[in-house]
Amino acid sequence: MEIENFRAATVGLGERSYHILAGEGLLARLGEAANRYVPDATGCVVVTSPDLDQLYGDTALRSLRRLNPARVLLPEGETAKTWGWAGRLVSSLIDHRLDRKGVVVALGGGSVGDVAGFAAAIYLRGVRVIQVPTTLLSQVDSSIGGKTAVNHSLGKNVIGAFHQPSLVVCDTSLLKTLPKGEIRSGLAEVVKYGVINDANLFATVEEKADRLLSADAAELEAVVARCAAIKAGYVELDERDTSGVRATLNYGHTVGHAIETLNRGRIRHGEGVAIGMVSASRVSVEYGLLHVGELERQANLLGKLGLPTRVPTAASSRLIKIMHRDKKAESGTIRLVLPTGIGVPPVTRAVPDAVIERSLEA
Ligand code: GLY
């Protein structure tokens, strides 16, 4: 199949527009994709982590051989998201003499994408980046939209830049080797898109939950392509997250991030988001914005996907404290994205602590 036929979506941002490719076997065709969509690239540095390098590094480098690729490794996961690692990565780009026409290739999950994207944003005042996400979470969300960042000791993603990729390549066959927990975690974000944007997508996940959980490549490919198109729409409307439109992608995330913080790496992102979506839905029901049947439909689907829907411990007051530190807390009140139906745009409201506490303890 021609490489053009893998185009799942386009993010239309004028001169910063780019395509998202999705399909099986694309890693081995990375070079072909780069030749087609970033034709003037003169060289590249592939940034990945040791485990992914073992699995996919050689395939990626072989495919990119026209660009004389170098390989740079970052530590696994969130550990890489530091100012120090971003600095070391920039030093490697200098060592490898990447020039203005060179490309950074981020081969990994959200953390690799964030650090490599950030280094690309600041190196030589910005070089191009190709995102090659390897997890379901990063294929449906973080690789698209140009948010790049590292953490500061005083906060997550505090140091960063908007830097749109020049191409996103989602090889859905890479998802087959993911632990089931990672697939579940990514599916929480898919359910999120269903609730805030696309009732058909929600119904597809309900109908095909088992096949998606067993990483059925064809089903995942269709879901990744649909989510990419949905995310592209939000980015086009609100590239720099200022109008409130893109912020609705944070449905379930305010409570979810607090749960992740409280559980310090012992809970996956999608698990926190699943609990957060149910909690926000309970608030919506209390405010008369959502029918209780729509809350139950979400909780049932998340349960079917093996995702949690309740806070693990009696921790609501600690969670609320963490949420107050969250950047979305304005003038002392926590703001939540509240669903108004399945497949219907949500609203964002300031919600009193007592209401959130009730939603967490229900
Ligand atoms: N992950 C939310 C956003 O890209 O805005």
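Further up the page is the structure itself.
This is a predicted model, so every value here is computed, not measured. (Residues numbered from 1 in each chain as written. Predicted model: local features only at pLDDT ≥ 70, side-chain atom pairs only at ≥ 80, totals over all residues. Heavy atoms only, no water.)

(A) Spatial organisation of the site of the ligand. Around the ligand lies a shell formed by Asp141, Lys147, Lys231, Arg246 and Leu249. Here a nitrogen atom of the ligand and a side-chain polar atom of aspartate 141 are 3.1 Å apart. Within the side chain of arginine 246, an N or O atom sits 2.7 Å from an oxygen atom of the ligand. Notes on the ligand: free accessible area 200 Å², of which the protein chains cover 86%. Classifying every residue of the shell around the ligand by side-chain character gives one nonpolar, no polar and four charged. (Near = heavy atom within 4 Å. Polar contact = N/O pair within 3.5 Å; in protein donor to acceptor, adjacent residues only side chain to side chain. Areas by Shrake-Rupley, 256 points an atom, 1.4 Å probe, with all protein chains shown as cover. Nonpolar A, V, L, I, M, F, W, Y, C, P; charged D, E, K, R; others polar.)

(B) Representation of unusual backbone geometry in the model. A positive phi angle is found at asparagine 157, which is not glycine, with a value near 55°. Residue classification places asparagine 157 among the partly exposed positions, given a relative accessible area of 35%. Of note in this structure, alanine 215 is not a glycine but carries a positive phi near 60°. Tracing the chain through its elements places alanine 215 in the loop between α7 (199-213) and α8 (217-237). (Buried < 20%, exposed > 50% of the residue type's maximum accessible area, 1.4 Å probe, protein only. Helix = DSSP H or I, 4+ residues; strand = E, 2+ residues; numbered from the N terminus.)

(C) Local environment of helix α12 (residues 316-325). The set of residues buried in α12 consists of Ser316, Leu319, Ile320, Ile322 and Met323. Around the axis of α12, the buried residues are gathered within 160° of arc, so they sit on the same side. Seen from the open side of α12, the exposed residues pointing more than 90 degrees away from its buried face are Lys321 and Arg325. (Arc of directions from axis to C-beta.)

(D) Just the pattern of salt bridges, in detail. Counting across every chain of the model gives 18 salt bridges. A salt bridge links arginine 128 to aspartate 40, with the nearest nitrogen and oxygen atoms 2.6 Å apart. In this pair, arginine 128 sits in strand β6 (residues 128-133) while aspartate 40 sits in the loop between α1 (30-37) and β3 (44-48), placing the two residues 88 residues apart along the sequence. Given a relative accessible area of 23%, arginine 128 falls into the partly exposed group. One salt bridge in this structure joins arginine 211 and glutamate 219, with 2.6 Å as the shortest N-O distance. The class for arginine 211 is partly exposed, based on a relative accessible area of 44%. Overlapping salt bridges bring together Asp53, Asp58 and Arg71 as one network. (Salt bridge = Lys/Arg side-chain N within 4 Å of Asp/Glu carboxyl O.)

(E) Molecular detail of the sheet that holds strand β2 (residues 18-23). Judged by pairing direction, the sheet is mixed, and its seven strands sit side by side in the order β1-β2-β9-β6-β5-β3-β4 without closing on themselves. Edge strands, defined here as strands with exactly one partner in the open sheet, are β1 (7-11) and β4 (70-73). Pairwise comparison of adjacent strand axes, ignoring direction, gives a mean angle of 20° for this sheet. Two elements, β6 and strand β9 (residues 167-171), share two bridges in a ladder whose sense is parallel. Paired with glutamine 131 across the bridge in β9 is valine 168. Sheet strands in contact with α1 are β1, β2, β5 (103-108), β6 and β9, and its direction is about 155° off that of β9. (Pairing = 2+ DSSP bridges. Axes fitted to C-alpha atoms, helices over the stretch in contact; angles between N-to-C directions. Contact = heavy atoms within 4.5 Å.)

(F) Here's a closer look at the environment of alanine 86. In this fold, alanine 86 is placed in helix α3 (residues 83-95). In this structure alanine 86 comes out as buried when scored by relative accessible area, which is 2%. As for alanine 86 and aspartate 114, which are separated by 28 residues in sequence, their C-alpha atoms are 9.7 Å apart.

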